[in-house]
Amino acid sequence: MYKAILFDLDGTLTESGEGITKSVQYALEKIGKPEPDLDKLRVFVGPPLMEQFMKYADLDEETARQAVVYYRERYSVTGIFENRPYPGVEELLAELQRKGYLLAVASSKPEKFVLQVLEHFRLDGYFHEIVGSEMGGSRTKKSEVIEETLKRLGLSEHRNEVLMIGDKEHDVLGARQAGVECVAVSYGYGTMEELAAAEPLKIVDSVEELLHFFG
């Protein structure tokens, strides 16, 4: 029986692709590696940002770090609000809260931005803990974020009572590394191929189906 449910943010609770991809596009332009096709930049939604810049644009660590600085120039002012909760998310959270689950957010996005997004959409009140990465670049791996969330919830010794919900392979693999089961949602930014390959406990196709999973 699960006691706590951890949610990823981008692609799970909110549809944040526009703000993220446009801010990545801005950063790539600034470092001289322009990418006109926003669709190609959807791979930046979910994974740790600096790691993805290095992988996508073949950057060294120093240049990728600068790309993150440029990204935040735009994201912190504009991109963060080019975003909206998926239909039914608030009802889902309200119902899970009513059923007595401990709810938390475990995101690779900097915690400052996670809080800002949830406060903006008035979703912050549903969560016992809201955890993200550090602005300085530490705690970006999903497993590290989950570990910190478990610690704050006092559930480090009760991992079998915790379930992660996410939309990318990073969520599934990070949860597994932390010893936690994961349900994947296919309506976010991960492909069905990557989710199936990561072998989550279950893949659901909608917010309604996710609620149904919890009876």
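Please refer to the structure placed before this passage.
A. Here's a closer look at the packing of helix 1 (residues 17-30) against helix 3 (residues 61-75). Helix 3 packs onto helix 1 with a crossing angle of 130 degrees between their chain directions and a minimal axis gap of 8 Å. It follows that helix 1 is oblique to helix 3 by the angle criterion. Read as a crossing pair, helix 1 and helix 3 show a hand that is right-handed. Along its contact with helix 1, which presents G19, I20, K22, S23, V24, Y26, A27 and K30, the element helix 3 presents A67, Y70, Y71, E73, R74 and Y75. Tallied by class, residues from the contact of helix 1 with helix 3 come to 8 nonpolar, 2 polar and 4 charged.

B. Focus on the packing of helix 2 (residues 49-57) against helix 3. Close contact between helix 2 and helix 3 brings their axes to 9 Å; oriented N to C, the two are set at 120 degrees. If you check the angle between helix 2 and helix 3, you find them oblique. Crossing hand, helix 2 versus helix 3: right-handed. Across the interface between the two elements, L49, M50, F53 and M54 from helix 2 touch E61, A64, R65, A67, V68 and Y71 from helix 3.

C. Focus on the nonpolar core. Among the nonpolar cores identified, the biggest contains 49 residues, and F7, F53, F127 and L210 are the most heavily contacted of them. Ranked by residue count, the leading element in this core is helix 3, at 6 residues. By size, the runner-up hydrophobic cluster in this structure holds 21 residues, among which are L6, L150, V162 and A198.

D. A look at helix 1. With 14 residues, helix 1 extends 20 Å between its outermost C-alpha atoms, agreeing within 8% with the 20 Å of an ideal straight helix rising 1.5 Å per residue. Here helix 1 has its buried residues at G17, G19, I20, T21, S23, V24, A27 and L28. Structurally, helix 1 contributes buried residues whose contacts are with strand 2 (14-15), helix 2, helix 3 and strand 4 (102-110). Backbone geometry just downstream of helix 1 places G32 in the positive-phi region, at approximately 85 degrees.

E. Geometry of the sheet that holds strand 8 (residues 202-204). Reading across the sheet, the 6 strands line up as 5-4-1-6-7-8 and stay open at both edges, with parallel pairing between neighbours. Edge positions in the sheet fall to strand 5 (129-133) and strand 8, since each has one partner strand and no second. Across the sheet, the mean angle separating the axes of adjacent strands is 25 degrees when strand polarity is ignored. Sitting on the sheet, helix 5 (residues 111-120) touches strand 4 and strand 5, and the angle it makes with strand 4 is about 125 degrees.

F. Geometry of the pairing of strand 4. Of all 9 residues in strand 4, 9 are buried, a share of seventy percent or more. In this structure, strand 1 (residues 4-7) lies alongside strand 4, joined through 4 bridges in parallel fashion. Along strand 4, the bridge assignment pairs I5 with L103. Pairing analysis gives 4 bridges linking strand 4 to strand 5, with the strands arranged parallel.

Definitions and cut-offs
Residues numbered from 1 in each chain as written. Predicted model: local features only at pLDDT ≥ 70, side-chain atom pairs only at ≥ 80, totals over all residues. Heavy atoms only, no water. Axes fitted to C-alpha atoms, helices over the stretch in contact; angles between N-to-C directions. Helix = DSSP H or I, 4+ residues; strand = E, 2+ residues; numbered from the N terminus. Parallel < 35°, antiparallel > 145°, perpendicular 65-115°, else oblique. Left-handed = near helix turned anticlockwise from the far one by under 90°. Contact = heavy atoms within 4.5 Å. Nonpolar A, V, L, I, M, F, W, Y, C, P; charged D, E, K, R; others polar. Core = buried A, V, L, I, M, F, W, Y, C linked by side-chain atoms within 4.5 Å. Buried < 20%, exposed > 50% of the residue type's maximum accessible area, 1.4 Å probe, protein only. Expected span 1.5 Å × (residues − 1). Pairing = 2+ DSSP bridges.

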